Amino acid sequence: MALRCPIVSVLGHVDHGKTSLLDKIRKTRVAAREAGGITQHIGASEIPIDVIKKVCGNLLQMLKADLTIPGLLVIDTPGHEAFTSLRKRGGALADIAILVVDINEGFKPQTIEAVNILRQYKTPFVVAANKIDLIPGWNSKEGPFVLNFNEQNQHPNALTEFEIRLYENIIKPLNEMGFNADLFTRVEDITKTVCIIPVSAKTGEGIPDLLMMIAGLAQKFLEQNLKLDVEGYAKGTVLEVKEEKGLGKTIDAIIYDGIARRGDYVVVGGPNGIVVSKIKALLKPKPLDEMRDPRDKFKPVNEVVAAAGVKIAAPNLENVIAGSPLRIVPEDKIEEAKEEIMKE
Ligand code: GTP
Ligand code: NA
Ligand code: MG
């Protein structure tokens with residue numbers, strides 16, 4: 001049986017740097033191309049395990065665990081107050097999460113909203129304390145935070161500023177919401193204390209540390225949840241319905257469980273009743289490409305194993321809407337899939 005790729009949702013207040021952090025990890029430029037600099041849709045991208053291992057390097061020894069996960073499927077969500085339903089959808093999909101907080105601004109309304117969503121779904125999370133390059137006197141540079149932190153000794157004021165912002169803007173508000181939290185290097189049990197990883201999406205500082213902690217949390221989650229085995233037919237959720245040249249209306253979806261096969265049927269819920277359609281093509285974005293703004297063309301595949309982003313080409317998708325549940329099944333399972341969807 002194959003191991004399911006864990007889903008990591010990225011949540012936080014508007015402009016605290018969610019998309020920029022993912023851009024830094026993926027070496028993409030999605031944030032810069034967004035209208036008004038605002039994320040308006042849920043995004044998805046796959047980070048292969050080789051990339052995680054390469055970026056983390058020696059840091060992985062801190063985990064004291066082997067990484068057996070195939071990679072991570074990262075879900076980017078909008079932080080603007082108008083998009084509560086999208087944040088909830090992203091939160092509901094998550095196995096684990098990254099809460100992004102601007103360390104200089106601290107907790108804001110949508111930070112609190114995000115924590116409440118994570119609490120509701122009992123989703124383990126880490127905090128990416130972003131924009132540490134803006135701490136007065138901080139000498140930020142690309143690479144592990146653990147190394148750069150030790151070099152700040154020449155800047156005692158910067159260290160003091162850092163500790164004040166870390167405590168006042170992140171640890172204290174988390175404590176007030178009922179969570180233990182601390183700088184990740186000071187945490188002994190990551191299942192009891194929320195780890196805070198200082199990062200800069202601008203300089204790249206702390207990215208290795210963040211990926212290391214996320215991989216560690218995902219691995220821990222995997223040990224505690226056998227549901228990470230991929231089993232059965234594909235279950236997913238519609239992100240967007242898009243017109244594509246030569247393909248007509250297509251569905252961009254996240255498959256969060258099971259296996260989808262070309263030639264199967266897509267069964268989608270919706271306000272106008274259930275739509276059933278025979279799949280013409282399953283298309284996958286390249287690893288490290290953001291689904292909603294890919295660098296490369298999507299590639300046709302015969303099979304998609306969860307968790308993954310996928311574009312589904314099939315006839316009669318005009319009435320499908322974003323947020324709907326979907327199943328991908330062979331012909332003799334269509335009725336079963338319809339019943340499942342009606343219960344959702
Ligand atoms: P929404 O998705 O719209 O909620 O925003 P977001 O959280 O994805 O933030 P985004 O990546 O759009 O970044 C917002 C702004 O902050 C942009 O101008 C970024 O360049 C800037 N920014 C992000 N991270 C950093 C950082 O670490 N340091 C500095 N100095 N600026 C940053
Ligand atoms: Na933004
Ligand atoms: Mg964004």
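What you see is a predicted model; the values in this text were computed from it and never measured. (Residues numbered from 1 in each chain as written. Chains lettered and ligands numbered in written order. Predicted model: local features only at pLDDT ≥ 70, side-chain atom pairs only at ≥ 80, totals over all residues.)

### Considering the overall build of the protein
Next up, step 1: Along the protein, the regular secondary structure elements total 8 helices and 17 strands.
Next up, step 2: Here the protein has a C-alpha radius of gyration of 20 Å; the compact-globule value for 344 residues is 20 Å, and the two agree.
Next up, step 3: Seen through its principal axes, the protein has C-alpha atoms that stretch 65 × 40 × 35 Å.
Next up, step 4: Across the 344 residues that make up the protein, the buried fraction comes to 46%.
Next up, step 5: Within the protein, contacts between residues at least 6 apart in sequence are counted, and of these 75% link residues at least 24 apart. (Helix = DSSP H or I, 4+ residues; strand = E, 2+ residues; numbered from the N terminus. Rg over C-alpha atoms; globule rule 2.2 N^0.38 Å. Buried ≥ 20, exposed ≤ 12 C-beta atoms within 10 Å, placed from the backbone. Contact = placed C-beta atoms within 7 Å.)

### A short note on the UniProt feature "domain: Tr-type G" (unreviewed entry) in the protein
Next up, step 1: Residues annotated in UniProt with the feature "domain: Tr-type G" (unreviewed entry) correspond here to residues 3-223.
Next up, step 2: Counting secondary structure, residues 3-223 comes out at 38% helix and 18% strand; the distance between its end C-alpha atoms is 11 Å. (UniProt positions renumbered as here; feature names shortened; annotations may be inferred.)

### Some details on the sheet that holds strand S13 (residues 281-284)
Next up, step 1: Spatial strand order, S12-S11-S17-S8-S9-S16-S13-S14: 8 strands in an open sheet with antiparallel pairing. Each edge of the sheet is formed by a strand with only one pairing partner; in this case those strands are strand S12 (275-278) and strand S14 (299-301). Pairs of neighbouring strands in the sheet enclose a mean axial angle of 35°, with direction left out of account.
Next up, step 2: Two elements, strand S11 (residues 265-268) and strand S17 (residues 325-329), share 4 bridges in a ladder whose sense is antiparallel. Counted as the bridge partner of Tyr265 is Val329 from S17. (Pairing = 2+ DSSP bridges. Axes fitted to C-alpha atoms, helices over the stretch in contact; angles between N-to-C directions.)

### Some points on the site of ligand 1
Next up, step 1: Taken together, 23 residues sit near ligand 1, with Gly17, Thr19, Ser20, Thr39 and Gly79 positioned nearest.
Next up, step 2: Among the elements that make up the shell around ligand 1, the one with the highest residue count is helix H1 (residues 18-26) (3 residues).
Next up, step 3: Broken down by class, the residue content of the shell around ligand 1 amounts to 7 nonpolar, 11 polar and 5 charged. (Near = placed C-beta within 6 Å. Nonpolar A, V, L, I, M, F, W, Y, C, P; charged D, E, K, R; others polar.)

### Quick notes on helix H6 (residues 156-176)
Next up, step 1: For H6, which comprises 21 residues, the first-to-last C-alpha distance of 28 Å matches the rise-based estimate of 30 Å (1.5 Å per residue) to within 8%.
Next up, step 2: The sharpest bend along H6 reaches about 35° and sits at Tyr167.
Next up, step 3: Within H6 the residues assigned to the buried category are Phe162, Arg165, Leu166, Ile170, Ile171 and Leu174.
Next up, step 4: Phi turns positive, to about 95°, at Gly178, one or two residues after H6. (Expected span 1.5 Å × (residues − 1). Bend = angle between axes of the 7 residues up to and from the residue.)

### Details of the nonpolar core
Next up, step 1: Of all hydrophobic cores here, the largest spans 98 residues; its most connected members are Val8 and Ile197.
Next up, step 2: With 10 residues, the single largest contributor to this core is helix H7 (residues 207-224).
Next up, step 3: Residue contacts for Val8: discarding those within four places in its chain leaves Leu72, Leu73, Val74, Ile75, Ala94, Ile96, Ala97, Ile98, Ile214 and Ala218. (Core = buried A, V, L, I, M, F, W, Y, C linked by C-beta atoms within 7 Å.)

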